2 protein chains.
Amino acid sequence: MNALKWNEDGLIPAIVQDAETGDVLMMAWMNESAFKKTLETGQTYFYSRSRRQEWHKGGTSGHVQHVESIWVDCDADVVLIKARQVGGACHEGYRSCFFRRVDSDGAFEISSKPIFDSGEVYGKPGPTPNPSKGSGELPSS
Amino acid sequence: MNALKWNEDGLIPAIVQDAETGDVLMMAWMNESAFKKTLETGQTYFYSRSRRQEWHKGGTSGHVQHVESIWVDCDADVVLIKARQVGGACHEGYRSCFFRRVDSDGAFEISSKPIFDSGEVYGKPGPTPNPSKGSGELPSS
């Protein structure tokens, strides 16, 4: 555990990969406490840099991630978590947070369909997916 | 392009996934220039925070990554690159940088076999893989 290389804020990037499909679902940050809870409980915990608090993935939505295995890279400063995803990983209603493709001009284009209504699940207005050429605007989150 | 959310150092994490096998190969950082070169050349470029310079993946080893598609996450602060990897992604001789598994106690265990001799490719001593329970020591890089 101590061999992990935490950054100057005590955090490490954690990539979550769907253990069944191989899709990369999300990347978020863990502090040591979130990492320990993830190891101990078998579900993912992260640390929100904007809210400055730990969070349990799926704690609100029920869309938890059941950890199958945890991997660490050669520099020990990134972890990879293979997990079974309940529902969707993305708070915008998509299975994966990587639902937009970057085209050769650098523009974003939505290339997936939402699998749940984020408004119903999180109690706020859902996304208004625009499958046409993306404007590249940031989500409000 | 401008819609990507660069961090306070002007960088964004870039996850590279093997377009053929789905394996996550590595995570590194890009500045805007490296991202543009990746878009323009179809091979991956990154920014080394320790060496404070841009680098072309495979520039020394020949182990380049041919970009198939680029994806951006919901917060526009992480990119995912699906690429065809020539040779291995890891400078330690492994196909993927995530060659060590973290066990339930948090200890590291090497769970892959090297596919090339990093000493030959990079001109320095190669790894001495120890498939037994890992000591968790950091690589020298």
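Residues numbered from 1 in each chain as written. Chains lettered and ligands numbered in written order. Predicted model: local features only at pLDDT ≥ 70, side-chain atom pairs only at ≥ 80, totals over all residues.

K.L.:
Explain the relation of the copies chain B and chain A to me, and be specific about the residues and the numbers.
P.N.:
For the pair chain B and chain A, the relating rotation is 180 degrees, the translation along its axis is 0.0 Å, and the fit reaches an RMSD of 0.0 Å. On the angle and the small slide along the axis, the relation comes out as a two-fold axis. Closest to the rotation axis within chain B is the C-alpha of B:Gly22, separated from it by 2.8 Å. A symmetric contact is evident, with 100% of the interface residues of chain B recurring at the interface of chain A. (Least-squares fit on C-alpha atoms with pLDDT ≥ 70 in both. Contact = placed C-beta atoms within 7 Å.)

K.L.:
With reference to specific residues and values, describe the interface of chain B and chain A.
P.N.:
The partner chain A presents 37 residues to the 37 residues of chain B that form the contact. Sorting the residues of the side of chain B that touches chain A by element identifies strand 1 (11-18), strand 2 (24-31), strand 5 (65-72) and strand 7 (100-102) of chain B as the ones contributing at least two each. Counting residues per element, the side of chain B that touches chain A draws most heavily on strand 5 of chain B, which supplies four residues. Counted by class, the side of chain B that touches chain A contains 22 nonpolar, eight polar and seven charged residues. Bridging between strand 7 (residues 100-102) of chain A and strand 5 of chain B involves three bridges; their strand directions are antiparallel. Each residue of the ladder has a partner; that of A:Arg100, found in strand 5 of chain B, is B:Val72. (Helix = DSSP H or I, 4+ residues; strand = E, 2+ residues; numbered from the N terminus. Nonpolar A, V, L, I, M, F, W, Y, C, P; charged D, E, K, R; others polar. Pairing = 2+ DSSP bridges.)

K.L.:
Would you mind going over the domain arrangement of chain A in detail, with residue names and values included?
P.N.:
In terms of domain boundaries, chain A breaks down into domain 1 (11-85) and domain 2 (90-141). Split into classes, the residues belonging to the side of domain 1 of chain A that touches domain 2 of chain A amount to three nonpolar, two polar and one charged. (Domains from an automatic or database assignment.)

K.L.:
Requested: an account of the sheet that holds strand 6 (residues 79-85) of chain B, with residues and values cited.
P.N.:
In space, the six strands of this open sheet follow the order 8(A)-7(A)-5(B)-6(B)-1(B)-2(B), with mixed pairing throughout. Strand pairing shows two members of the sheet lacking a second neighbour, strand 8 (108-110) of chain A together with strand 2 of chain B, which therefore form its edges. Sheet twist, expressed as the average angle between the axes of neighbouring strands with direction ignored, equals 35 degrees. In the sheet, strand 5 of chain B pairs with strand 6 of chain B via seven bridges, with the strands oriented antiparallel. Each bridged residue has a counterpart across the sheet, and for B:His66 the counterpart in strand 6 of chain B is B:Arg84. With respect to the sheet, helix 1 (residues 32-41) of chain B is in contact with strand 2 and strand 5 of chain B, its orientation differing from that of strand 2 of chain B by roughly 120 degrees. (Axes fitted to C-alpha atoms, helices over the stretch in contact; angles between N-to-C directions.)

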